[in-house]
Amino acid sequence: MKVAVFSAKRYDRQMLAELNGPHGHALTFQEARLEPETVALASGFPAVSVFVNDQVDAGVLEALAAGGTRLVATRSTGFNQIDLRAAARLGIRVTRVADYSPHSVAEFAVGLLLALNRRIHKAFERTRSGNFELDGLMGFDLHGRTVGVIGTGKIGRVFARIMAGFGCRVLGHDPFPHPGFEALGGRYVEREVLARESDVISLHCPLTEDTRHVVNAAFLASTRPGLLLVNTSRGGLVDTRAVIAALKSRRLGGLAIDVYEQEASLFFQDRSSDIIDDDLIQRLVSFPNVLLTGHQAFFTREAFGTICATTLESITAFERGEELANEVRAPG
Ligand code: NAD
């Protein structure tokens, strides 16, 4: 099948080309994001593959449908960038990668937490310039502390298990509780209780209408002073302005994020020679207790291999008219 692969970086090309042999798809790689300005590149391609920051809204989907596209396969777990209702209306089917190493993201979240708490990023900078001072690098023992996990799905549960292994008390909040979370010693509580009692909070729920800005000014005002907040899920879960205010007032003790509300125009690109006109991210990176990475939590050999393999399998199943195991549909 002819497939237009958008947001294709060198590693996407390599892995997809390597795994495509048995599938035999005709892959055309586009470095560009899919958006209104680039959607014409998909014309004549029955299948299109996208990534987290492609703009798959109603307008783009209409243009895709007009160009003959019938499948959008996102190389991600989250699918909040796709207007599923518009896709359904236009007869475009949508697949994602529901299952890939949850360890990739959970382990990265733990890495961020350790670096943030023990100021490893600052120590790295200091020692490279010959500064071996400890002043300003003091953290706290995670052992015995309370860690709140918002979203106890596949990734949240792996994260919770690692934290339980550190000797933490683990609290969880999820509208769909999972017995596996309690089996590892976690306790479900209301979000308010989690906010009030946690020393660390890590976000692992999807971005939906219900979860947008779940971390806002009111939430932050109800947390423990000195809270460390980790977000490896989606940028829109956090109200960036509220977080900046909480950092400035010193109520929030630290922030580690792999995702950012306005990441679409920044992430996955080298912008080091540009003037970045996003004042919020510039303010964030100016704090010594903010650690920011560019949406790399998924990026392990295991996870990325599965992402590419599953995407190709979905396209093959679609071509053969088989059931789409990873299809996502509009709710209701
Ligand atoms: P999952 O579907 O297994 O788990 C999500 C959990 O969130 C579910 O248990 C669900 O019930 C829960 N949830 C839904 N609404 C909630 C709410 N209002 N409050 C609390 N919990 C809620 O998904 P997963 O595989 O664990 O992935 C979680 C998220 O991680 C994805 O949606 C994606 O946004 C993000 N992610 C990020 C990266 C990265 O590279 N940074 C990679 C993969 C996934």
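Note that the coordinates shown come from a computational prediction; the quantities given were computed from them, not determined experimentally.

### What about the sheet that holds strand β6 (residues 146–150)?
Right, so step 1: Read from one edge to the other, the open sheet built from seven strands follows the order β8-β7-β6-β9-β10-β11-β12, with strand pairing classed as parallel. Both edges of this open sheet fall to β8 (187–188) and β12 (290–292), since each of them pairs with a single strand only.
Right, so step 2: With five bridges joining them, β6 and strand β7 (residues 169–173) adopt parallel strand pairing. Among the inter-strand pairings, Val149 is bridged to a residue of β7, identified as Gly172.

### A few points about the domain arrangement of the protein chain
Right, so step 1: Here the domain parsing of the protein chain yields domain 1 (2–100 + 300–328) and domain 2 (102–292).
Right, so step 2: The partner domain 2 presents nine residues to the 14 residues of domain 1 that form the contact.
Right, so step 3: For the pair domain 1 and domain 2, the two sides together bury roughly 1000 Å², of which 50% comes from carbon and sulfur.
Right, so step 4: Together, Asn53, Asn80 and Tyr100 form the three largest contributors to the area buried by domain 1 at its contact with domain 2, with a combined 44%.
Right, so step 5: Counting every contact that joins domain 1 to domain 2 gives zero salt bridges.

### Focus on the environment of Leu64
Right, so step 1: Within the element layout of this structure, Leu64 appears in helix α2 (residues 58–66).
Right, so step 2: Taking C-alpha positions, Leu64 is 6.7 Å from Ala42, a pair spaced 22 residues apart along the chain.

### Describing the site of the ligand
Right, so step 1: Around the ligand lies a shell of 24 residues, among which Tyr100, Lys154, Ile155, Asp174 and Thr232 are the nearest.
Right, so step 2: At 2.6 Å from an oxygen atom of the ligand is found a side-chain nitrogen or oxygen belonging to Asp174.
Right, so step 3: The backbone of Phe298 places a nitrogen or oxygen atom 3.1 Å from an oxygen atom of the ligand.
Right, so step 4: Relative to its unbound accessible surface of 870 Å², the ligand loses 86% to contact with the protein.
Right, so step 5: Of the residues assigned to the shell around the ligand, the class counts are 10 nonpolar, 10 polar and four charged.

### Some details on the UniProt feature "domain: D-isomer specific 2-hydroxyacid dehydrogenase catalytic" (unreviewed entry) in the protein chain
Right, so step 1: The positions that UniProt labels "domain: D-isomer specific 2-hydroxyacid dehydrogenase catalytic" (unreviewed entry) are, in the present scheme, residues 3–328.
Right, so step 2: A helix fraction of 36% and a strand fraction of 15% characterise residues 3–328, whose end C-alpha atoms lie 19 Å from each other.

### Overview of helix α12 (residues 301–320)
Right, so step 1: Here α12 is 20 residues long and its end C-alpha atoms lie 28 Å apart, about the 28 Å a rise of 1.5 Å per residue gives.
Right, so step 2: After α12 finishes, the residue Gly321 shows a positive phi value of roughly 75 degrees.

### Some words on the pairing of β7
Right, so step 1: Along β7, four of the five residues are buried, which leaves the element largely enclosed by surrounding structure.
Right, so step 2: For the segment spanning β6, helix α6 (residues 154–165) and β7, crossover handedness is right-handed.
Right, so step 3: Pairing geometry for β7 and β8, over two bridges, is parallel. The residue bridging Gly172 from the neighbouring strand is Tyr188, located in β8.

About the thresholds
- Residues numbered from 1 in each chain as written.
- Predicted model: local features only at pLDDT ≥ 70, side-chain atom pairs only at ≥ 80, totals over all residues.
- Heavy atoms only, no water.
- Pairing = 2+ DSSP bridges.
- Helix = DSSP H or I, 4+ residues; strand = E, 2+ residues; numbered from the N terminus.
- Domains from an automatic or database assignment.
- Contact = heavy atoms within 4.5 Å.
- Buried area = accessible area lost by both parts, 1.4 Å probe.
- Salt bridge = Lys/Arg side-chain N within 4 Å of Asp/Glu carboxyl O.
- Near = heavy atom within 4 Å.
- Polar contact = N/O pair within 3.5 Å; in protein donor to acceptor, adjacent residues only side chain to side chain.
- Areas by Shrake-Rupley, 256 points an atom, 1.4 Å probe, with all protein chains shown as cover.
- Nonpolar A, V, L, I, M, F, W, Y, C, P; charged D, E, K, R; others polar.
- UniProt positions renumbered as here; feature names shortened; annotations may be inferred.
- Expected span 1.5 Å × (residues − 1).
- Buried < 20%, exposed > 50% of the residue type's maximum accessible area, 1.4 Å probe, protein only.
- Right-handed = clockwise from strand over helix to strand, strands pointing away.

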